[in-house]
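Observations on the three-dimensional arrangement
Below, each chain spelled out in residue letters.
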Amino acid sequence: MTAELVEIPGYVAGTWTIDPAHSGVGFTIRHLMVSKVRGRFGTFEGTIVTGADVLDSSVTATIDLTSIDTGNAQRDEHVRSADFLDVAKHPSMTYRSTGLRPDGDDYVLDGELTLRGITKNVPLKLEVGGFGPDPFRQDDPFKGARAGFTATGEISRLEFGVGDTTKIPGGNGLGLSEKVQIVLEIEAVLQTDD
């Protein structure tokens, strides 16, 4: 492995906390095989540890499933029910990385997603947006430094026991696609001693 594969301009090793005010956890699923429904989770938290060697970095995150928002309150209540996410028994899902590897100019974050008590390996394509100082901290701009990441992936909802397998009349597929696209836009804040 060459240094060029893992060199990131402005890279800072440390522990970072996800800033929910400047981050987004979203998903897209195909409905009736003709359109896409988008949604997001409004409440989540996580920690990113960037290692001295970027490939030694790690992520842990927890998403509050009760905070789902698809733009339709009735649908959101149904998705929270035992038919889908079953938030009464499983109010959150978690992600824990197990490794990071280069993939061209970007990376793949390998990790385990736990949803409805089921854990599966879910790799995420990771793009590093950058690292930078906090322009509002004139005393020490690296206190509260920021890092940005975009991660995308796909899961099979059926592997996690989410939703049903109702078929569209005529047998042209499921009412809801099996595949769910995940898009994470993350901004994180460097943690310091004070």
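Residues numbered from 1 in each chain as written. Predicted model: local features only at pLDDT ≥ 70, side-chain atom pairs only at ≥ 80, totals over all residues. Heavy atoms only, no water.

**As for unusual backbone geometry**
Heads up, the condition is: In DSSP terms, a helix is any run of H or I states spanning at least four residues, a strand is any run of E spanning at least two, and both are numbered starting from the N terminus.
The phi angle at aspartate 86 is positive, at roughly 55°, despite the residue not being glycine. Positive phi, close to 55°, is recorded for arginine 116, a residue that is not glycine. For arginine 116, the position within the fold is in the loop between strand 8 (106-115) and strand 9 (118-121).

**Things to note about the pairing of strand 11 (residues 146-156)**
Rules: Note on exposure labels: buried denotes an accessible area under 20% of the residue type's maximum, exposed denotes more than 50%, and partly exposed covers the range between, all computed with a 1.4 Å probe on protein chains only. Two strands qualify as a pair provided DSSP detects at least 2 bridges between them.
With respect to burial, strand 11 is a largely interior element, 8 of its 11 residues being buried. Summarising the sheet, strand 10 (residues 124-132) and strand 11 pair through 7 bridges and their orientation is antiparallel. Of the residues in strand 11, the one forming a bridge with glycine 130 is glycine 148. One ladder, built from 11 bridges, connects strand 11 with strand 12 (residues 176-190); its direction is antiparallel. Pairing of glycine 148 across the sheet is with glutamate 187, part of strand 12.

**Focus: helix 2 (residues 73-80)**
As a reminder, the rule being used: The directions considered for the arc are those from the helix axis to the C-beta atoms. Contact definition: two residues touch when any of their heavy atoms are within 4.5 Å. Identification of polar contacts relies on pairs of N or O atoms within 3.5 Å, with a donor-acceptor requirement for protein atoms, meaning one able to donate a hydrogen and the other able to accept it, and with residues adjacent in sequence counted only if both atoms are side-chain atoms.
Along helix 2, the residues classified as buried are Asp76, Val79 and Arg80. Projection of helix 2 onto a plane perpendicular to its axis shows the buried side chains occupying an angular sector of 100°, all on one side. Check the buried side of helix 2 and you find it contacts strand 6 (68-69). The N-cap of helix 2, judged by a side-chain oxygen 3.1 Å from the amide nitrogen of glutamine 74 a few residues on, is asparagine 72.

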